[in-house]
Amino acid sequence: MIPLQEAYDFIATLMLFVAIWAQIGSYVITKIEVIVIQTSLLSIYAFLSGVTTVNYDLIILAFLIIFLRGILTAFILLKKFPQKRQLVREKSTTVPSILIVSIIVLIATLIIYRLTIFQFAPSPITAIGFVIAIQGLLLIGTRKNKVTQFTGYIEEENAMILLSLGIFPLPLIVEISVLLDVLALVIVAAVLLSGKMTSEHMEELIG
Amino acid sequence: MNTDLIFLYLLLIVPVIISFSYFGNLSQEIAKLGSLIEVAISFVILEVPMGVYSSFNINSVNRILIISVSIVYAFSVFFASTYHKGIKEPRHLKLHYSLMHLFVFTMMFTLIINDFGLMWIGIEATTASSALLLIIERERNQIEAAWRYVLIVSTGLTLALISVILIYLYYHTLNSVSIISAGHSPSLILTIAGVTAMVGFGTKIGLFPMHSWLPDAHGEAPSEVSAMFSGILLPVAAYVLYRFFLATFSGRVEEIFLIFIMATLIFVALIMPSQKNIKRMFAYSTMENMALITLGLITGGLAFVGALLIILTHAFGKSAAFYSSGNILNTYGTKDMNKIRGLRDRLPSTAISLFGSSLVVTGAPPFTTFVGEFLIIYQLIKNGNIAPVFIIVVCLFIISVSVLQKVSVMIFDGNMENTPQLKLERTQKYVAGLSLIFAFSIIFVYLGGLL
């Protein structure tokens, strides 16, 4: 039988790989898949954690995450795209160089984590949460496509929940998660869907 | 339940109840009445003794912010009633009002709640409730500005969550009053918590270099929303950062805060002279005011009093500046300062409110902002921080001269004596004027011992 801690570590590592996958792909559909897969993994983590510690908050959290973030957000995003959505890709992207930067950032983040927070939270789960958060930031900062930037935001959300679960379940974790999801839905439903898919340089917004 | 607690609940419940006016036909009237009730409640709360009430907390900073939030909210509701007359779809206006009420609820909640986790939730909720306020007219620029606002701010705030997690890891509680009153010895974990709070909440406050959403959102939002963002939302975020600062305080954290504050002032001083858009100019001025407020709060002593004076004066002064900018946009149809001339002859009342508010927000003597700045500088000198004082004085001088020069050109340049005056709704004139009078009167309120 697989020890529980190893199962947690395995799920968190998978989440990290998905974060790296988000950096590589230039097709927009990949980004939506990243949202669904990473969120599902987090949901499984929260569910397992909830069942084994008999913490009902975490079980509720698992269902909320999969429903709001995994299904509803992805469903609304998919509606934005035409029939042949598999062919939609970011207009200009420097994916190979971003991948190298991403790996360098990953190593640097782990070193920083080891030197600072590790002494208070010596857990690989929190380290992975920290790394995914920085990868999410990188995704937002280096891309212009709004769906990709939004994926970065969701990655950050997932990372924060993982970080908090890794240390110990933070009080208000369900409320925090729901609020982050509501904000994500506001971003998607009201702002992202009513504008262009690429962040624009506008004369009025310069200076 | 004691009476004080009832008033605190009322402060939160009133805006929530009136937000349901979306489903009726009297949303404008209900909004006006509701906002006035909120002002009345906030004045009652001024009499509530400082302390902890169930999950809430009243202290010397948040009681002042509650007053400024409620009054600017009322001003904005009245201003919006005529400012958005051009909107053809009444449903959008009703939604706009309802979101304004919810926005105020989230700010009040953030101010009075006595829990760092819930405080974070409150600040994040202000983003969710205010994002849609930017896009009432559904223009391309507004949507892009709203996108940048929600993405940058929520990303920053997600980082601030690390601070909440670390504070819980250290103290095993999130009760802000217990944590702050218990005191602590400096530790690396709290330093990291302080820095992540600074980066996270600093994004919302508009500290350099996380400020990039601020000029876009303030520049493109409807004027009453810009007034609420600048006058009350950012000070609320500064208050939250201040509470986190108290929980994580150490010499190292204070130094890091000081570096970011100085960087913000230098950045604004460098960019201000090249501004062409009137609302963006005032947005950058807000960055300067926020940097000073944060500096005053963390320095303590007389600087703390200075920060409180700036919070109040800035709330009304900057609101008056944005209302005046809205009046100009309504009549001239542009935000480009190069195309705005002869305000003295064409919009005399707005010329007065714009000039007066510019004097207030730039800290010209003898207005209260000047007194606040003076107290902050005095305390810094007393603490032996001479280098920051030098940077502050130089930056404030450049910023003030830039703003006043641009405003003076718009008001006094161009001979328009024979040109007819432009028509403007009376409510908009009165709101801008009244807001300015409030900004002027703060010093008398302070000297009269009412604060």
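Up top you'll find the structure we're talking about.
How each quantity is defined
Residues numbered from 1 in each chain as written. Chains lettered and ligands numbered in written order. Predicted model: local features only at pLDDT ≥ 70, side-chain atom pairs only at ≥ 80, totals over all residues. Heavy atoms only, no water. Contact = heavy atoms within 4.5 Å. Buried area = accessible area lost by both parts, 1.4 Å probe. Salt bridge = Lys/Arg side-chain N within 4 Å of Asp/Glu carboxyl O. Polar contact = N/O pair within 3.5 Å; in protein donor to acceptor, adjacent residues only side chain to side chain. Helix = DSSP H or I, 4+ residues; strand = E, 2+ residues; numbered from the N terminus. Nonpolar A, V, L, I, M, F, W, Y, C, P; charged D, E, K, R; others polar. 1 Å grid on protein atoms, 1.4 Å probe; cavity = no way out; pocket = protein on both sides within 12 Å on 5 of 7 lines; lining within 4 Å. Points joined across faces, edges and corners; volume = space filled by probe spheres on them. Phe/Tyr/Trp six-rings, centres within 6.5 Å; stacked < 30°, edge-to-face > 60°. Buried < 20%, exposed > 50% of the residue type's maximum accessible area, 1.4 Å probe, protein only.

Here we take up the interface of chain B and chain A. In many analyses, interface size is given as the accessible surface area lost on bringing the parts together. With 44 residues of chain B in contact, the opposing surface of chain A contributes 42 residues. A buried area of about 3900 Å², summed over both sides, lies between chain B and chain A, and 79% of it is on carbon and sulfur atoms. Among the residues of chain B in contact with chain A, B:Glu144, B:Trp147 and B:Ile165 are the three that bury the most area, contributing 17% of the side total. Taken together, the links from chain B to chain A amount to one salt bridge. A salt bridge links A:Lys146 to B:Glu144; the nearest nitrogen and oxygen atoms lie 3.2 Å apart. For the pair chain B and chain A, the interface holds two residue pairs in polar contact (both at pLDDT 80 or more). Breaking the side of chain B that touches chain A down by element, the ones donating at least two residues are helix 5 (116–131), helix 6 (140–171), helix 8 (188–205), helix 9 (213–220) and helix 12 (278–299) of chain B. In terms of residue count, helix 6 of chain B provides more of the side of chain B that touches chain A than any other element does, 21 residues in total. Residue composition of the side of chain B that touches chain A, grouped by class: 28 nonpolar, eight polar and eight charged.

Turning next to empty space enclosed by the protein. Following the criterion strictly, the structure yields one cavity of 30 Å³ or more and no others. When its volume is computed, the largest cavity comes out at roughly 50 Å³. As for the largest cavity, its lining consists of A:Tyr113, A:Ile117, A:Thr126, A:Leu163, A:Ile167, B:Ile162, B:Ile165 and B:Leu166. Residue assignment for the lining of the largest cavity shows that the elements contributing at least two residues are helix 6 (146–167) of chain A together with helix 6 of chain B. The element contributing the most residues to the lining of the largest cavity is helix 6 of chain B, with three residues. Looking at the lining of the largest cavity residue by residue, the class counts come to seven nonpolar, one polar and no charged.

On to the packing of aromatic side chains, then. Pairs of aromatic rings are described using the distance from one ring centre to the other and the angle between the two planes. Considering all chains together, one arrives at 27 aromatic pairs over all chains under this definition. A ring pair is formed by A:Tyr8 and A:Tyr45, whose centres lie 4.7 Å apart and whose planes are at 35°; its orientation type is tilted. On the criterion of sequence distance, the pair formed by A:Tyr8 in helix 1 (residues 4–24) and A:Tyr45 in helix 2 (residues 28–53) is long-range, its members being 37 residues apart. In this structure, A:Tyr8 and A:Tyr45 share a single accessibility class: buried. Between B:Tyr149 and B:Trp213, the aromatic rings sit 4.9 Å apart at their centres with planes inclined by 40°, giving tilted as the arrangement. Of the two residues, B:Tyr149 sits in helix 6 while B:Trp213 sits in helix 9, which places them 64 residues apart along the sequence.

In short, shape yes, function no, at least from these values alone.
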